[in-house]
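A look at the structure
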Amino acid sequence: MKNIVILISGRGSNMEALIAARDAGDLPVNIAAVISNRPDAGGLETAARAGIVTHFINHQGFAGREAFDAALAECIDQFAPDLVVLAGFMRILSDGFVRHYEGRLVNIHPSLLPSFPGLHTHQRALDEGVRIHGCTVHFVTPTLDHGPVIIQAAVPVLDGDSEATLAARVLCQEHKVYPQAVRWFAEGRLRLEGGRVRLDATMAEGAVLISPEVH
Ligand code: GRF
């Protein structure tokens, strides 16, 4: 069974979706640890309640990005993860860190990349007037919110949407696509090869279009 380490900074609802999928027998992974750079990340308590080893490494206690990333990598590597899963981890990672985990570092971003990298994606989508929005799971490269796309889910932007209603619609899809992407990896059906995603999956498994429950 593959070992994964999950990195969080906040509430950890994507982490929770991964734990729930594992508990339901839908995700054959060992969640070896959950690591946060913030002591007040709500997800730390959720993980501990689920019996998962948790660690907190305060980025403010380090001289610079490289020093923090080195300590973070040291903590992660004691669990010998096959995959490191960024789930709302709000830190820009140094090139060296990203290279160290090449092909085994994934992220979820709340937009249809390459549109809207960075923060405030839902408000920016509303401001631009896009009709379709969504989320993306991708392998991480040194460029922020960039990298070969593994799976995306699209949702409609509805008349009268606020940032909160749109975020909620997207989050619901995040909780489906992230376990799916990690499942593919766990089953040995997903890998990064020459900078491109190689996926052995059917259209039905991979094609997440406009979320069907939204009318
Ligand atoms: C999610 O919207 C994710 O896409 C983004 O940060 C948010 C984290 O939410 N990277 P949660 O902590 O998983 O609830």
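Before reading on, note that the structure itself is shown above.
Residues numbered from 1 in each chain as written. Predicted model: local features only at pLDDT ≥ 70, side-chain atom pairs only at ≥ 80, totals over all residues. Heavy atoms only, no water.

**Quick look at helix α1 (residues 13–23)**
What sets the pattern is the α-helix's 3.6 residues per turn: residues three or four places apart point alike. Here is the rule we go by: With a 1.4 Å probe rolled over the protein chains alone, any residue whose accessible area is under 20% of its type maximum counts as buried; one over 50% counts as exposed, and the rest are partly exposed. Helix and strand definitions follow DSSP, with helices as H or I runs of at least four residues and strands as E runs of at least two, each counted in order from the N terminus. Contacts are assigned to residue pairs with any non-hydrogen atoms lying within 4.5 Å of each other.
When we look at burial in α1, the residues that qualify are S13, N14, M15, A17, L18, I19 and A21. Against the buried residues of α1 lie β1 (2–8), β2 (29–36), α2 (42–49), β4 (83–86), β5 (105–109) and α6 (163–186). Where α1 terminates, the next one or two residues include G25, which has phi positive at roughly 80°.

**A short note on the packing of aromatic side chains**
Note the following rule: The criterion for an aromatic pair is that two Phe, Tyr or Trp rings (for Trp, the six-membered ring) have centres within 6.5 Å, with stacked assigned to planes under 30 degrees apart, edge-to-face to planes over 60 apart and tilted to the rest.
As enumerated under the stated definition, the model contains two aromatic pairs in all. Measuring from ring centre to ring centre gives 5.7 Å for F62 and F68, while their planes differ by 65°; the resulting arrangement is edge-to-face. Using a relative accessible area of 30% as the deciding quantity, one classes F62 as partly exposed. An angle of 55° between the planes, with centres 4.8 Å apart, marks the rings of F97 and Y101 as tilted. One exposure class covers both F97 and Y101, and it is buried.

**Here's the deal with the state of the cysteines**
Operational definition: The criterion for a disulfide is a pair of cysteine sulfur atoms lying within 2.5 Å.
This structure, assessed with the given rule, holds zero disulfides. Cysteine C135 is unpaired, with the sulfur of C172 as its nearest cysteine sulfur at 9.6 Å. For C135, a relative accessible area of 0% corresponds to the buried category. The class for C172 is partly exposed, based on a relative accessible area of 37%.

**As for unusual backbone geometry**
A cis amide bond links L113 to the next residue, P114, at an omega of 10°. With respect to the element layout, P114 can be found in the loop between β5 and α5 (121–128). In this structure, F116 is a non-glycine residue whose phi angle is positive, near 55°. Positionally, F116 belongs in the loop between β5 and α5.

**Considerations on the site of the ligand**
Heads up, the condition is: We call a residue near a molecule or strand as soon as one heavy atom of that residue lies within 4 Å of the molecule or strand. The term polar contact refers here to a pair of N or O atoms within 3.5 Å; inside protein, the definition further demands a hydrogen-donor-capable atom paired with an acceptor-capable atom, and it admits residues adjacent in sequence only when both atoms are side-chain atoms. Reported accessibility uses the Shrake-Rupley method at a 1.4 Å probe radius. Residues are deemed covered only where the shown protein chains occlude them.
With respect to spatial proximity, the complete set of residues near the ligand consists of R11, G12, S13, N14, G88, I108, H109, P110 and E174. Here an oxygen atom of the ligand and a backbone polar atom of G12 are 2.8 Å apart. In this structure, S13 approaches the ligand through a side-chain N or O atom, which is 2.5 Å from an oxygen atom. Relative to its free-state accessible area of 370 Å², the ligand is covered by the protein chains to the extent of 86%. For the shell around the ligand, the secondary-structure elements that each account for two or more residues are α1 and β5.

**Brief notes about the pattern of salt bridges**
Quick note on the threshold: What counts as a salt bridge is simple: a side-chain nitrogen of Lys or Arg found within 4 Å of a carboxyl oxygen of Asp or Glu.
Summed over all chains, the structure comprises nine salt bridges. With a shortest N-O distance of 3.6 Å, R49 and E45 are connected by a salt bridge. One end of the pair is R49 and the other is E45, both in helix α2 and four residues apart, which spans about a single turn. E45 carries the same exposure label as R49, and that label is exposed.

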